[in-house]
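Residue strings, one per chain:
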Amino acid sequence: MTRTTDIFLTALAPAIWGSTYLVTTEALPAGYPVTLAALRALPAGLLLLAVTRCFPPRVWLGRVFLLGSLNFALFWVLLFVAAYRLPGGVAATLGSVQAMIVIVMARGWLGTPIRAGVVAAAATGVIGVALLLIGPEARLDPTGIAAGLGGAASMAAGTVLSRKWQPPVPALSFTAWQLTAGGLILLSIALLIEPPLPPLTTTNLLGLSWLGLIGAAVTYAIWFRGVARLEPGAVSMLGMMSPVTAVILGWVWLEQALSPMQFAGAVIVLGSVWAGQRANRPRAGDASVRPAPTRAKAA
């Protein structure tokens, strides 16, 4: 596939993740962030393990559990906390800072050069997300802000390390390993700190099914495939598609009005994503951004 095809396919994942804000607030019971995150990750991971029938070698277990923690356990808990304590716009804006964090981490861990165009595109994208989502009535809860920034840092670290540590298996198997590891961590924490869930309604079950099967199993397989093929900075910029989808869903599903400032923000975000892909294009002799090799079967 061409790089353009890889970009468009990878962008599907964050575009679908934009539904998380709507599903979390409209279809899930409030007050159980760790339990809900576990129910999103673990069933999806076990299902993928059953499909792929590919298990991580013992030497990979440490890395798998670290990646499962960064990409799922820690990230999703903080995401749920931020979604509960902040308006969705503020939470999404904080999450968009991930692109800036990835630039720094990729420099330190992968040797990827920091380019002015990449930094400018990422900073412009954050401004666009803020215009798109933050209104004058937005409340800035300190705990929610800390959770939003912590979640951005966790996902950024998981993205860069997933690029650095590429196992010799397909993306679907790599996703299964991480989802299962993250789900086990979340389940252990949920049993310790949260009360049992109340009886789940049909709406609750449908919401969890969407977040687990589509919003986790399918989209993260697409995402990790993109992480293996594209530059870390390019992948992280695609994450800004998530708040754009969130606003569109709010406009369509919840009949929320779209102001001229929000429209301008959406245009800025899309423009910054496009500029970020151009700025992140690999250059001749830059080995740090070549696609990571993968093989069809586990060792």
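Reading the values: the criteria
Residues numbered from 1 in each chain as written. Predicted model: local features only at pLDDT ≥ 70, side-chain atom pairs only at ≥ 80, totals over all residues. Heavy atoms only, no water. Helix = DSSP H or I, 4+ residues; strand = E, 2+ residues; numbered from the N terminus. Contact = heavy atoms within 4.5 Å. 1 Å grid on protein atoms, 1.4 Å probe; cavity = no way out; pocket = protein on both sides within 12 Å on 5 of 7 lines; lining within 4 Å. Points joined across faces, edges and corners; volume = space filled by probe spheres on them. Nonpolar A, V, L, I, M, F, W, Y, C, P; charged D, E, K, R; others polar. Polar contact = N/O pair within 3.5 Å; in protein donor to acceptor, adjacent residues only side chain to side chain. Salt bridge = Lys/Arg side-chain N within 4 Å of Asp/Glu carboxyl O. Buried < 20%, exposed > 50% of the residue type's maximum accessible area, 1.4 Å probe, protein only. pLDDT = per-residue confidence, 0-100. Expected span 1.5 Å × (residues − 1). Arc of directions from axis to C-beta.

For Phe55, the location among the structural elements is in the loop between α3 (33-52) and α4 (61-85). For the pair Phe55 and Val169, spaced 114 residues apart in sequence, the C-alpha separation works out to 9.8 Å. Not counting residues up to four positions away in its chain, the partners in contact with Phe55 are Leu49 and Trp177.

Now for empty space enclosed by the protein. Under the definition given, this model contains three cavities of 30 Å³ or more. Taken together, 27 residues form the lining of the largest cavity, with Tyr21, Phe75, Leu79, Gly95 and Gln98 sitting closest to its centre. Of all elements in the fold, only α1 (3-17), α2 (19-27), α4, α5 (88-96), α6 (98-110), α8 (142-164), α10 (202-229) and α12 (241-253) reach the threshold of two or more residues within the lining of the largest cavity. Broken down by element, the lining of the largest cavity gets its largest block of residues, five residues, from α4. Grouping the constituent residues of the lining of the largest cavity by class yields 17 nonpolar, nine polar and one charged. Taken as a whole, the second largest cavity encloses approximately 70 Å³ of empty space. Lining the second largest cavity are Ile103, Ala106, Thr112, Pro113, Ile114, Arg115, Val118, Pro232, Gly233 and Asn280.

This next bit is on the side chain of Thr24. Examined against the element boundaries, Thr24 turns out to sit in helix α2. Here the side chain of Thr24 touches Thr20 through a polar contact of 2.7 Å, landing on its backbone oxygen. With near-sequence residues (within four places) excluded, Thr24 lies in contact with Phe80, Ala83, Tyr84 and Leu211.

Time to look at the pattern of salt bridges. In the structure shown here, the tally under the stated rule is three salt bridges. Taking the shortest distance from any N to any O, the salt bridge between Arg225 and Asp6 comes out at 3.0 Å. Here the residue Arg225 occupies a position in helix α10, and Asp6 occupies one in helix α1, the gap between them amounting to 219 residues. There is no split in this pair, since Arg225 and Asp6 are both buried. When the shortest N-O distance is used, the salt bridge between Arg229 and Asp6 registers 3.7 Å. A residue pair is termed long-range when its members are at least 10 positions apart, and Arg229 in helix α10 and Asp6 in helix α1 qualify at 223 residues. Bridged by salt links that share partners, the residues Asp6, Arg225 and Arg229 form one connected network.

This brings us to the confidence of the model for the protein chain. Looking at the protein chain, the pLDDT average stands at 87 and 91% of residues meet or exceed 70. Averaged pLDDT values over the elements of the protein chain bottom out at 73 in α5 and peak at 95 in helix α9 (residues 171-193). Contacts for the low-pLDDT stretch residues 293-299, under 50 throughout, to residues beyond four places or in other chains number 14 contacts.

Between the first and last C-alpha of helix α13 (residues 260-279) there are 28 Å, a value that for 20 residues agrees with the 28 Å anticipated at 1.5 Å per step. All buried positions along α13 are accounted for by Gln262, Gly265, Ala266, Val269, Ser272, Val273, Gly276, Gln277 and Ala279. Down the axis of α13, the buried set is contained in an arc of 165 degrees. They therefore lie on one face. Exposed and facing more than 90 degrees away from the buried side of α13 are Pro260, Phe263 and Trp274.

Attention now moves to the environment of Ala37. On the secondary structure map, Ala37 appears in helix α3. On a C-alpha basis, the gap between Ala37 and Thr25 in space is 14 Å, while along the polypeptide they are twelve residues apart. Each residue touching Ala37, except ones within four places of it in the same chain, is listed here: Trp76, Phe80 and Leu186.

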